[in-house]
Amino acid sequence: MATDLIELKNLGKTSVQWLNAVGIRTLEQLHEVGAVAAYCKVRDRGFKVSKVLLYAMEGALIGAHWNELDSEHKQRLLSEVQNYQD
């Protein structure tokens, strides 16, 4: 199992750099924080992110391409982002 973020499905160099900038450097850390909190940390750090980053991180955590997430799953993630409190 990949532990280095760059080895995960959906995550590229830029997204990994953003995650590193907010202290998330391993798959284990990403699992602990979760896709929603990680997305919010990156966004709140000032990086210009899109919802695709949220889907990409969720997909990385479950081993699926982000585009394979169904619309209900994506909507739930967006709702969680809106309600996120650090």
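Since we're looking at a predicted model, the values are computed, not measured.

K.L.:
Go over the overall build of the protein with me, naming the residues and quoting the values.
P.N.:
Counting its secondary structure elements, the protein contains five helices and zero strands. Secondary structure of the protein in N-to-C order comes out as α-α-α-α-α. Relative to the compact-globule value of 12 Å for 86 residues, the protein shows a C-alpha radius of gyration of 12 Å, a close match. Within the protein, one finds 10 positive and 11 negative side-chain charges whose respective centroids are separated by 9 Å.

K.L.:
With reference to specific residues and values, describe the side chain of Glu58.
P.N.:
Secondary-structure assignment places Glu58 in helix H4 (residues 51-62). At 4.3 Å, Arg76 is the nearest oppositely charged side chain to Glu58, a buried residue that forms no salt bridge. When sequence neighbours within four positions are dropped, the list of residues in contact with Glu58 reads Ala35, Leu69, His73, Arg76 and Leu77.

K.L.:
How would you explain the environment of Asp4 if you had to name every residue and give the values?
P.N.:
Position of Asp4 among the secondary structure elements: in the segment before helix H1 (13-21). For Asp4, a relative accessible area of 34% translates into the label partly exposed. Counting along the chain gives 43 residues from Asp4 to Phe47, while the straight-line C-alpha distance between them is 21 Å.

Rules used throughout
In every chain, residue numbers begin from 1 and rise along the written sequence. Where totals are concerned, whole chains, interfaces and linings use all residues; where local detail is concerned, this predicted model gives features only for residues with pLDDT of at least 70, and gives and counts side-chain atom pairs only at 80 or more. Note that the side-chain values use all heavy atoms of the structure and ignore hydrogens as well as water. Strands here mean DSSP runs of E at least two residues long; helices mean DSSP runs of H or I at least four residues long; both are numbered from the N terminus. With the radius of gyration taken over C-alpha atoms, the globule rule is written as 2.2 Å times the number of residues to the power 0.38. Counted charges follow a simple rule, with Lys and Arg positive, Asp and Glu negative, and His plus the chain ends left uncounted. Think of each charge as sitting on NZ of Lys, CZ of Arg, CG of Asp or CD of Glu. Only protein chains enter the accessibility calculation, which uses a 1.4 Å probe; a residue is then buried when its area is under 20% of its type maximum, exposed when over 50%, and partly exposed in between. Just to be clear on terms, a salt bridge is a Lys or Arg side-chain nitrogen sitting within 4 Å of an Asp or Glu carboxyl oxygen. Here, two residues are considered to be in contact whenever any of their heavy atoms come within 4.5 Å of each other.

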